[in-house]
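Fold and contact review
Single-letter residue listing:
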Amino acid sequence: MILDIDNLSKRALELYKKQKYVDSKQLSLDILETNSKNISVILNLGNIYFLEEDYKKALEYYRRVQKLSGDDIYIWGNLANTYLQMKKYFRATHYCWKILKQDPENVFALNLQAQIHLEQENYGDAILILEHLKALDPLNPWVYNNLSQAFFYTGKTLEALDMAWTAVELSSGEDCHHINLGYTLYEIGLEKTIGFIKPYIEKWEQKYGDNPIVKYFADSLKGNTEIIKTDTEYLKKIFDSFASGFDESLAKLDYSVPKKILQNIKKNISKKSLKMMRVLDLGCGTGLCGKFLSGYAKPHILTGVDLSEKMLEVAKEKNVYNQLICEDIETYLQHSKNFSDLIIAGDVFTYFGDLFSVFKQISKHLDSHGHFIFSVTENQHNDSPWFLHSSGRFQHKEEYVKNTLEKCGLKVEENQHEILRTEAGKKVWGYIFIASKIK
Ligand SMILES: C[S@@+](CC[C@H](N)C(=O)[O-])C[C@H]1O[C@@H](n2cnc3c(N)ncnc32)[C@H](O)[C@@H]1O
């Protein structure tokens, strides 16, 4: 059979355009077997590896294109962007400059250069470029989103708010820009009074109040006491957007809950026993707790439940879970007929105010000799059993957690007062609880 390489190449590119990346990749690799110098197919593969965040491979294919077709602005742009994702700022800047030498007003390279400055915390330089971009590319919401961050970190809060709002408006309310506006309001609210940010919240709610991100941010920022659990639509969107950088961001915040949960498992459960256990990781996220646990001993079955598909995709790459289930914790517990010998939940009840119904479900699901190990953040703010912080996260009183466990047929074996992570440079205190069934 004579292969029509031109048609096959066209097909591979069409598949890419239709976002059928797996098929496009396979076809491109097949084509290269017989036609190893097919530039458009090599470039296509570079782009697919870039989307898959396999930047080493993306670079390899972009370099092959560069060798075969020579240097041009387009390939420099791909190289600059790939080096930026790899945080190799020197190399990324090198390729941006090459582009800007030929085309000083190249919007793509200027955006990349601004991003490089932002990531390196050179806010003054970032502002200079972004202000220039405002004239060249005035309808691009990312220019304003980036400017809002640069203004915020240089103390220009009103300008930061103004730019974050413009990004929302220009994008017609895309989630990522709502999230940026929400966090800008939150950070400003920490420094100023609620009165200062209230007019902005009201304007935001009036226009975009149907969006779950806007609604939940507004409720938390205004301290709405009627909320008893974080809105699951909001959570999905927030954690889907955080997933790819989650592990890295939490390491920067000295997030220690998975390590502390493991320390308690080690104290209470031998390796041999753990290997025979059915373990349930509630709100498993990107699988940090599962990874720590499996480093000690691989459980008989390790199941992770989380409502963010993207967090679960990252967890899957860790290769430690037998099953990953994308569902709300309470919905899962209501229909699951399986029992667990160990249930863990790291930084998950931060998204539940009232703990009664979830603890009740957990108690039913836990085997009679089982353990339940989890963290909660301490409510240092007021005397309420739980409190919805302006960050959108719940904090709990130690006594309330203990009493609720007991009401649900669980008794506290141990309870440690610990620093769980940092936030805005401050230590976040909480508790690690170890509970078991009341017999
Ligand atoms: C801060 S992360 C912690 C992830 C992981 N346990 C860890 O320690 O790294 C909280 C996770 O809980 C999940 N989550 C929060 N509420 C949930 C719910 N009601 N149902 C399922 N997952 C939930 C979020 O999607 C997110 O992935």
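Residues numbered from 1 in each chain as written. Predicted model: local features only at pLDDT ≥ 70, side-chain atom pairs only at ≥ 80, totals over all residues. Heavy atoms only, no water.

So, on to the packing of helix H9 (residues 141-153) against helix H11 (residues 175-191). In contact at an axis separation of 11 Å, H9 and H11 are set at 15° when each is read in the N-to-C sense. One finds that H9 runs roughly parallel with respect to H11. By crossing handedness, the relation of H9 to H11 is classed as left-handed. Along the contact surface, H9 presents Pro141, Trp142, Asn145, Ser148, Gln149 and Phe152, while H11 presents Cys176, His177, Asn180, Glu187 and Ile188. (Axes fitted to C-alpha atoms, helices over the stretch in contact; angles between N-to-C directions. Helix = DSSP H or I, 4+ residues; strand = E, 2+ residues; numbered from the N terminus. Parallel < 35°, antiparallel > 145°, perpendicular 65-115°, else oblique. Left-handed = near helix turned anticlockwise from the far one by under 90°. Contact = heavy atoms within 4.5 Å.)

Phi is positive for Glu53, close to 65°, though the residue is something other than glycine. Here Glu53 shows up in the loop between helix H3 (39-51) and helix H4 (55-69).

Here the focus is the sheet that holds strand S1 (residues 278-282). The mixed open sheet is built from seven strands, whose spatial order is S3-S2-S1-S4-S5-S9-S8. Either end of the sheet is taken by a strand with one partner, and the two such strands are strand S3 (323-326) and strand S8 (410-423). Across the sheet, the mean angle from the axis of one strand to that of its neighbour is 15°, orientation sign disregarded. Of the strand pairs in this sheet, strand S2 (residues 301-306) and S3 are connected by four bridges, and their pairing is parallel. (Pairing = 2+ DSSP bridges.)

Overall, the coordinates contain 26 aromatic pairs when judged by the stated rule. Plain terms: the ring middles of Tyr83 and Tyr95 are 6.1 Å apart, the flat faces sit at 0° to each other, and that makes the pair stacked. Separated by 12 residues along the polypeptide, Tyr83 in helix H5 (residues 73-85) and Tyr95 in helix H6 (residues 89-102) bring together distant segments of the chain. For the pair Tyr83 and Tyr95, a shared accessibility class is recorded, and that class is buried. Ring centres of Phe239 and Phe242 lie 6.2 Å apart, and the angle between their planes is 90°; this geometry places the pair in the edge-to-face category. Of the two residues, Phe239 and Phe242 are both situated in helix H14 (residues 232-242); the distance of three residues between them amounts to about one turn of the helix. For Phe239, a relative accessible area of 13% translates into the label buried. Three or more aromatic residues joined by ring pairs form one cluster here, namely Tyr183, Tyr186, Trp204, Tyr216, Phe217, Tyr234, Phe239, Phe242, Phe246 and Tyr351. Directly above the ring of Tyr49 sits Lys57, whose terminal nitrogen or CZ lies 5.9 Å from the centroid. (Phe/Tyr/Trp six-rings, centres within 6.5 Å; stacked < 30°, edge-to-face > 60°. Buried < 20%, exposed > 50% of the residue type's maximum accessible area, 1.4 Å probe, protein only. Lys NZ or Arg CZ within 6 Å of the ring centre and 35° of its normal.)

Let us look at the site of the ligand. Contacts to the ligand come from 22 residues, most closely from Tyr255, Gly283, Asp306, Asp328 and Gly346. Here an oxygen atom of the ligand sits 2.5 Å away from a polar atom, N or O, in the side chain of Tyr255. In isolation the ligand exposes 600 Å². Once the protein is present, 99% of that is buried. Listing elements by their share of the shell around the ligand, those giving two or more residues are H14 and helix H18 (288-296). In terms of residue class, the shell around the ligand is built from 14 nonpolar, three polar and five charged. (Near = heavy atom within 4 Å. Polar contact = N/O pair within 3.5 Å; in protein donor to acceptor, adjacent residues only side chain to side chain. Areas by Shrake-Rupley, 256 points an atom, 1.4 Å probe, with all protein chains shown as cover. Nonpolar A, V, L, I, M, F, W, Y, C, P; charged D, E, K, R; others polar.)

Another point: the nonpolar core. Among the nonpolar cores identified, the biggest contains 111 residues, and Ile265, Leu274 and Leu342 are the most heavily contacted of them. Here this core gets seven residues from one element, more than from any other, and that element is helix H10 (residues 157-170). Viewed by domain, this core spans two of them, domain 1 (5-167) and domain 2 (249-437), each represented by three or more residues. Apart from the residues within four sequence positions on either side, Leu342 is in contact with Ile265, Ile269, Leu274, Met277, Arg278, Val279, Leu280, Leu293, His371 and Ile373. One finds Val305, Val358, Ile362 and Leu405 within the second-largest nonpolar core, a separate group that totals 28 residues. (Core = buried A, V, L, I, M, F, W, Y, C linked by side-chain atoms within 4.5 Å. Domains from an automatic or database assignment.)

So, about the domain arrangement of the protein chain. We note that the domain assignment places domain 1 (5-167) and domain 2 (249-437) within the protein chain. For domain 1 and domain 2, the distance between their C-alpha centroids amounts to 38 Å.

Let's shift gears to helix H19 (residues 309-317). Taken residue by residue, H19 has Met311, Leu312, Val314 and Ala315 as its buried positions. Here the buried residues of H19 occupy an arc of 160° about the axis, which is enough to place them on one side. Turned more than 90 degrees off the buried face of H19, the exposed positions are Lys316 and Glu317. Where H19 is buried, its residues meet H14, helix H15 (246-252), S2 and S3. (Arc of directions from axis to C-beta.)

In a regular helix each residue adds 1.5 Å, so 13 residues correspond to 18 Å; H9 covers 19 Å between its end C-alpha atoms and thus fits that length. H9 sits mainly inside the fold: 10 of its 13 residues count as buried. Taken together, the buried positions of H9 are Pro141, Val143, Tyr144, Asn145, Asn146, Leu147, Ser148, Ala150, Phe151 and Phe152. On its buried face, H9 is in contact with helix H7 (107-119), helix H8 (123-136), H10 and H11. Its side-chain oxygen at 2.9 Å from the backbone nitrogen of Trp142, Asn140 defines the N-terminal cap of H9. Of the residues trailing H9, Gly155 is marked for its positive phi of about 80°. (Expected span 1.5 Å × (residues − 1).)

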